[in-house]
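Here's the letter readout for the chains.
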Amino acid sequence: MAPKIQPQTTIDTIADICNHIQISQSSRHDKVPAIVNRLLNSWSTKECYEHISPVSIPSHDKIIEIVQQARRILFPGYFTRTRLHAANLEYYIGKETTDLYEKVGEQIVIAIRHDCRRNNLPCTRCEERSQELTLAFIESLPDVTATLATDIRAAIEGDPATDSPDEVIFSYPGLLAISIFRLAHELFRLKVPIVPRIMTEYAHSLTGIDIHPGATIGEGFFIDHGTGVVIGETTVIGNNVRLYQGVTLGALSLPRDAGTKLRHQKRHPTIEDDVIIYANTTILGGDTVIGRGSVIGGNIWLTESVEAGTRVMLKRPELIYANGRAR
Amino acid sequence: MAPKIQPQTTIDTIADICNHIQISQSSRHDKVPAIVNRLLNSWSTKECYEHISPVSIPSHDKIIEIVQQARRILFPGYFTRTRLHAANLEYYIGKETTDLYEKVGEQIVIAIRHDCRRNNLPCTRCEERSQELTLAFIESLPDVTATLATDIRAAIEGDPATDSPDEVIFSYPGLLAISIFRLAHELFRLKVPIVPRIMTEYAHSLTGIDIHPGATIGEGFFIDHGTGVVIGETTVIGNNVRLYQGVTLGALSLPRDAGTKLRHQKRHPTIEDDVIIYANTTILGGDTVIGRGSVIGGNIWLTESVEAGTRVMLKRPELIYANGRAR
Amino acid sequence: MAPKIQPQTTIDTIADICNHIQISQSSRHDKVPAIVNRLLNSWSTKECYEHISPVSIPSHDKIIEIVQQARRILFPGYFTRTRLHAANLEYYIGKETTDLYEKVGEQIVIAIRHDCRRNNLPCTRCEERSQELTLAFIESLPDVTATLATDIRAAIEGDPATDSPDEVIFSYPGLLAISIFRLAHELFRLKVPIVPRIMTEYAHSLTGIDIHPGATIGEGFFIDHGTGVVIGETTVIGNNVRLYQGVTLGALSLPRDAGTKLRHQKRHPTIEDDVIIYANTTILGGDTVIGRGSVIGGNIWLTESVEAGTRVMLKRPELIYANGRAR
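Predicted model only: the values in this text are computed from it and were never measured. (Residues numbered from 1 in each chain as written. Chains lettered and ligands numbered in written order. Predicted model: local features only at pLDDT ≥ 70, side-chain atom pairs only at ≥ 80, totals over all residues. Heavy atoms only, no water.)

1. Description of the interface of chain C and chain A
Next, step 1: Between chain C and chain A, the contact holds 83 residues from the first and 78 residues from the second.
Next, step 2: For the chain C and chain A pair, buried surface summed over both sides reaches about 6,900 Å², with 56% attributable to carbon and sulfur atoms.
Next, step 3: Counting across the interface, chain C meets chain A through one salt bridge.
Next, step 4: Close ionic contact of C:Asp143 with A:Arg38 constitutes a salt bridge, the shortest N to O distance being 3.6 Å.
Next, step 5: At the boundary of chain C and chain A, one finds ten residue pairs in polar contact (both at pLDDT 80 or more).
Next, step 6: If you list the elements that add at least two residues to the side of chain C that touches chain A, you get α3 (60-74), α4 (86-118), α5 (126-139), α6 (141-158), α7 (165-171), α9 (195-207), β6 (242-244) and β15 (319-322) of chain C.
Next, step 7: Considering every element that reaches the side of chain C that touches chain A, the biggest residue donor is α6(C), with eleven residues.
Next, step 8: Taken together, the residues of the side of chain C that touches chain A sort by class into 38 nonpolar, 22 polar and 23 charged. (Contact = heavy atoms within 4.5 Å. Buried area = accessible area lost by both parts, 1.4 Å probe. Salt bridge = Lys/Arg side-chain N within 4 Å of Asp/Glu carboxyl O. Polar contact = N/O pair within 3.5 Å; in protein donor to acceptor, adjacent residues only side chain to side chain. Helix = DSSP H or I, 4+ residues; strand = E, 2+ residues; numbered from the N terminus. Nonpolar A, V, L, I, M, F, W, Y, C, P; charged D, E, K, R; others polar.)

2. Concerning the side chain of C:Arg182
Residues and elements named next belong to chain C.
Next, step 1: With respect to the helices and strands, the residue Arg182 is situated in helix α8 (residues 173-189).
Next, step 2: One polar contact links Arg182 to Asp151, side chain to side chain, over a distance of 2.8 Å.
Next, step 3: Among the polar contacts made by the side chain of Arg182, one reaches the main-chain carbonyl oxygen of Ile217 at a distance of 3.0 Å.
Next, step 4: Setting aside anything within four residues of it in sequence, one finds Arg182 in contact with Val144, Thr147, Leu148, Asp151, Ile217, Gly218, Glu219 and Phe221.

3. Re the domain arrangement of chain A
Quite often, the size of an interface is put as the accessible area lost when its parts meet.
Next, step 1: Partitioning chain A into structural domains gives domain 1 (56-208) and domain 2 (228-254 + 264-327).
Next, step 2: Centre-to-centre separation of domain 1 of chain A and domain 2 of chain A, based on C-alpha positions: 29 Å. (Domains from an automatic or database assignment.)

4. Thoughts on unusual backbone geometry
All names here are of chain A.
Next, step 1: The backbone phi angle of Ile194 is positive, close to 60°, even though this residue is not glycine.
Next, step 2: You can see Ile194 is positioned in the loop between α8 (173-189) and α9 (195-207).
Next, step 3: In this structure, Asn280 takes a positive phi of about 65° despite not being glycine.
Next, step 4: In this fold, Asn280 is placed in the loop between β9 (276-277) and β10 (282-284).

5. Regarding the relation of the copies chain C and chain A
One copy of the chain maps onto the other through a rotation about an axis followed by a shift along the same axis.
Next, step 1: Expressed as a screw transformation, the operator carrying chain C onto chain A has a rotation angle of 120° and an axial translation of 0.0 Å, and the superposed copies differ by an RMSD of 0.0 Å. In symmetry terms, the pair is related by a three-fold rotation axis.
Next, step 2: Interface residue correspondence from chain C to chain A reaches only 10%, placing this contact among heterologous pairings that use different surfaces. (Least-squares fit on C-alpha atoms with pLDDT ≥ 70 in both.)

6. What to know about the sheet that holds strand β2 (residues 216-217) of chain B
All names here are of chain B.
Next, step 1: The four strands are arranged β2-β5-β8-β11 in an open sheet whose pairing can be described as parallel. Both outer strands of the open sheet, β2 and β11 (289-290), are each paired with one neighbouring strand and no more.
Next, step 2: Across two bridges, the pairing between strand β8 (residues 270-271) and β11 is parallel. The residue of β11 that forms the bridge with Ile271 is Ile290. (Pairing = 2+ DSSP bridges.)

7. Let's talk about α9(A)
Next, step 1: Helix length check: α9(A) (13 residues) gives 19 Å between terminal C-alpha atoms against 18 Å at 1.5 Å per residue, within 8%.
Next, step 2: The element α9(A) is largely enclosed, with a buried count of eleven among its 13 residues.
Next, step 3: Looking at the buried residues of α9(A), the elements they touch are α3 (60-74), α4 (86-118), α8 and β1 (210-211) of chain A together with α7 and α8 of chain C. (Expected span 1.5 Å × (residues − 1). Buried < 20%, exposed > 50% of the residue type's maximum accessible area, 1.4 Å probe, protein only.)

8. A closer look at the interface of chain B and chain C
Next, step 1: Taken residue by residue, the interface counts 83 residues in chain B and 78 residues in chain C.
Next, step 2: Together, B:Pro160, B:Phe170 and B:Ile320 form the three largest contributors to the area buried by chain B at its contact with chain C, with a combined 10%.
Next, step 3: Our enumeration of links across chain B and chain C arrives at one salt bridge.
Next, step 4: At the junction of chain B and chain C, the tally comes to ten residue pairs in polar contact (both at pLDDT 80 or more).
Next, step 5: Every element with two or more residues in the side of chain B that touches chain C is listed here: α3 (60-74), α4 (89-118), α5 (126-139), α6 (141-158), α7 (165-171), α9 (195-207) and β15 (319-322) of chain B.

Next comes the structure, spelled out in structure tokens:
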């Protein structure tokens, strides 16, 4: 494929070579249209998932903006360069909240229209319904704030490495994930399609903590470290529960075609008030209930219920010790 | 809540409907002030964590800039578009270092003032102390560089998938997390509040590796893959230690009010020189010492000390095999 | 180190103090050149890893741009604000593809030149070879699209929490990681240095899923949740395989100097068609083969082969239950 070069090169032939190379490069570029056609054909000929339609789709970037703006409202003064004080706080919150209202409204109407179209429904009340849902979401913010205050307190009580709410708000991935979850959950409750999941997957990407927006989670929730935590869609968690990294609250083993069979059933466990679950423990199943005040040790695999006030530990596993300088 | 529409619509009534909708939308917007008031009240009436005061607070974005600029100094030529060569290297490093000096100084003074205020202390020497700490931090950079060179070498020796220091510097999450940890640790040693933790949580977010800035870690440290690694505040790690993904060096189970009781005690293990710890192993407790040259297998839960040169493996767990085409 | 202040301050002496502080600050700044010199010396005196040469190096930011542009081509309409329809789709894809061609070509030639130099080889055909590789990569895009369609279908079939391809494309970290892997793998097959690994580590950073670009992975691959998944360089995975979070397909324990000894050997397992592997299971070793249609339970540590159609479960581990209100 390389241009053949005569050994007896002269200045002229060098220019020739350069031309040749230029030509061979441009002949490569000439192949782009054929590739584009193969791409276009691949979409038109088989079941495919491109999104090519006159209906707009929700925007990742805008939804991330919404999350960031909501955090500026939930934690005023932490994530802004604006200096806040008693005199300007009301204006600041007022402005941020009206802005947020607009942005959320835009994405909700897009998501609802898109969903109507996907299900071949007429979009008769999409615009108005979106307005109602947006208002309901914005109205939930003061309650979200109040709940997050209990989550921050739980972090300080649970972690010997800090005594500062500022540190928790600034840098704890658990609080970040829970904040985004609590916002997404409000939208999920309102049955807004797609947007809540984009929000929680944004949190997942930032923190390694994967909370489905459908989960039900009480006050004073604390996740320490958090990487690898998975909380499934139909999980129910009470008040003052504490989880460590790598805890899965999941579904029992699923058949191959699980997707179509088990939608909308309770598949994930119930964790009652005041439970602590240590690192890398897995609790599975929709009928599994961890009773109030129980403490579940680390590295445990649990698929059945536990009475209130139980302490569960793994029997000390047998280890093999070999001496002599290890290789 | 939907506007009632008379079935016998004329062009006039359609205009009416539009007006009606407009009004109902704007009446929705009218609810924003009430929501803002509820938000403001929620902060003023209960124990809350807003940061509304004339004192500036450290800036996430600026601290991330600091980390990125420091990496450009620690690995000159890797993370910049400036072409470096013998003639401009000194100017480049000089400029980056003075810039970094300014930026670090700014955030340190903000962090210290903020901490004074939080503890109701007078801020008599904040500015000057910040200058001293900034200088001490900048002075530590050459040592950090030297230590990171040992970490890079450890990665090449430990990973069969690469023989290229460039690949390690460009793309290994372990080296990224260790680099940021080593910078944050210098600030932690200098008792700079908040900033070190924001740095290491930035690394955690990028890599899934959660190293508390307070940990003490020797030369030639290598973390492979790394997602889910947790290294607690009072951990001590010797030279030439290698960890794999999901390893926790943590505290033993904590009582519910652990936060207030155990602050500043040694709660995390000591890992001596030349130890290897395989994937998903958990080692807990402030008195636990893993002796020099030991090799700890994967998936192990260890809460007691191990002599030097020991090889620890999990006894082969009993598995149940069922045949026949699995569902 | 603090300037000594006489108690009997007058207005004059306050100005003096200010001057003093200014001087002491600037004298601190005066220490920067010495620090810069120490940095420069540290690089010139020992084995070091700075990249200071007239040869350009690949750019992280540009490679991330490439990944994002490729996703806009693979999933047209999802990650762009441009509204696509039958009339403009061809132009849109055409433009994006030619742009991508240029960008990929630039980074490939830089990577190849850099690699030549690192190995002290002459760079006689670098430019032309890069053109060939770039074309081969662009030509692979329609096949990548077709394979990703099977991956999306696998996600919908495997996850009860969704029935929407849009949700999968927008927000599933598994699909994101697999998309980037499939792109990177094409470059890896073409032996493009450094670039593929930067791509997959970008995916790792976003998702916690670490797939080496060298792995061989069939159609219909689904990773649910995904945080902590590690798939090693020489892993071979068949069609319609499903993995959950925390699954490692790795190498057996490595000697301390593994890096130099085991490069390029098959060190990671083979997973045949239609296998499901549940959360946090670890399968190790280059000779380990998981036979077609097997189901491997969660939390298992497996270092030997399993026949086709086997179901492997962990024997129920012994747990210790203690009653009474847990502390």
